[in-house]
Amino acid sequence: MIQKSITYVSALLALAGFARAQDAAADQVAEGKKNYMMICIACHQPTGMGLPAVFPPLTKSPYVNGSPERFASIILKGNAGPFTVDGKPFNQIMPGQEAVLTDEKIAAVMTFVRANFGNTSGPVTAAVVAAARKKYADRKTPWAQAELDAWKDDAPAK
Ligand code: HEC
C-alpha cells in the first residue's frame, strides 16, 4: 500500500517535471517566434521562404538544420557575397545581430526556425550561442558561403 502510494507520487512528480520541461520548450519557441517576427521576417518573410533572387529561404536549409554553431555564427556575424541556396543564386548582405540579440534570444530564434517552415531539427541552448560568440569575438566581417560550407564545429577561431 505504502509502496503503491510512493510509486504513484513519484509518477506524479515525474509528470510534473515533464510538464515543466514542456513549458520551458514552448516558452523558448514563443520567444523565438517573437524575435523572428521583429527581425528576420523583414527579409526571410513570414513564411520563411524569403524572396526570389533577393532573400534566401530558411525552409529545409542545411545552414538552419546543420551545425548549430554555424547557424548561431550566421546570426551573430551575418553573410555577404554570392550565395546559392537550393540551387538559386543570391547576392545581398545579411546584417549580423551580435550587438542586437542576446545569446538567449538567438538560441530561441534558432529553435523556432529549426522547428518551423518545414524544418524538424532540435532545439538549441544559449550555451551554444555563447560559445560561438566567444570563439569569433574578434571577427568583424560577415561570412562568405565558402567559409560556411567548409565549417567544422570544432574549427579554431579565425
Ligand atoms: C536585412 C535582411 C536580412 C535579415 C534581417 C536577416 N537575414 Fe538572413 N539572410 C539575408 C540574406 C541577404 C542572406 C544571403 C546572404 C548573401 O546573399 O550573401 C541571408 C542568409 C541567411 C541564412 C543562410 C542561407 C539560408 O537561406 O539558409 C540563414 C540561415 C539566415 N539568413 C537566417 C536568418 C535569421 C534566423 C535571421 C533573424 C535573426 C535573419 N537571417 C535575418 C538577409 C537577412
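Refer to the structure presented above.
Quantities reported herein were computed from a predicted structural model and do not represent experimental measurements. (Residues numbered from 1 in each chain as written. Predicted model: local features only at pLDDT ≥ 70, side-chain atom pairs only at ≥ 80, totals over all residues. Heavy atoms only, no water.)

Asker: Run through unusual backbone geometry, naming residues and quoting values.
Answerer: Look at A53: it is not a glycine, yet its phi comes out positive at around 70°. By the element assignment, A53 lies in the loop between α1 (2-44) and α2 (62-65). You can call A53 exposed: its relative accessible area is 57%. In the Ramachandran plot, D86 falls in the positive-phi region, its phi being about 55° despite a non-glycine side chain. Within the secondary structure, D86 sits in the loop between β2 (83-85) and β3 (88-90). Taking relative accessible area as the criterion, D86 reaches 64% and is therefore assigned exposed. (Helix = DSSP H or I, 4+ residues; strand = E, 2+ residues; numbered from the N terminus. Buried < 20%, exposed > 50% of the residue type's maximum accessible area, 1.4 Å probe, protein only.)

Asker: Can you break down the pattern of salt bridges residue by residue, with the values?
Answerer: The tally for this structure, following the rule as stated, stands at 5 salt bridges. For E69, the salt bridge identified is with K135, shortest N-O distance 2.9 Å. Taken together, the residues E69 in helix α3 (residues 68-77) and K135 in helix α5 (residues 126-135) connect sequence positions 66 residues apart. Residue classification places E69 among the buried residues on the basis of a relative accessible area of 11%. Since its relative accessible area comes to 24%, K135 is described here as partly exposed. For D103, the salt bridge is made with R133, and the minimal N-O distance between the two is 2.7 Å. Of the two residues, D103 sits in helix α4 (residues 103-114) while R133 sits in helix α5, which places them 30 residues apart along the sequence. (Salt bridge = Lys/Arg side-chain N within 4 Å of Asp/Glu carboxyl O.)

Asker: Please give an account of the coordination of the iron atom of the ligand that cites residues and values.
Answerer: Listed as protein donors to the iron atom of the ligand are H44 (NE2) and M94 (SD); their distances from the metal cover 2.0 to 2.2 Å. In this structure, the iron atom of the ligand is coordinated by 6 donor atoms arranged in octahedral fashion, with angles at the metal of 86 to 180°. Here the residue H44 occupies a position in helix α1, and M94 occupies one in strand β4 (residues 93-95), the gap between them amounting to 50 residues. Overall, H44 belongs to the buried group, its relative accessible area being 10%. A relative accessible area of 24% means that M94 is categorised as partly exposed. (Donors = N, O, S within 2.8 Å, 3.2 Å for Na, K, Ca; no water. Tetrahedral: all angles 85-135°; square planar, octahedral: opposite > 155°, others 65-115°.)

Asker: Explain the packing of α3 against α5 to me, and be specific about the residues and the numbers.
Answerer: Two elements in contact, α3 and α5, have axes whose closest approach is 9 Å; the angle formed by their N-to-C orientations is 60°. When the axes of α3 and α5 are compared, the crossing they make is right-handed. Residues P68, E69, A72, S73 and L76 of α3 pack against V128, V129, A132, R133 and K135 of α5. The residue makeup of the contact of α3 with α5, split by class, is 6 nonpolar, 1 polar and 3 charged. (Axes fitted to C-alpha atoms, helices over the stretch in contact; angles between N-to-C directions. Left-handed = near helix turned anticlockwise from the far one by under 90°. Contact = heavy atoms within 4.5 Å. Nonpolar A, V, L, I, M, F, W, Y, C, P; charged D, E, K, R; others polar.)

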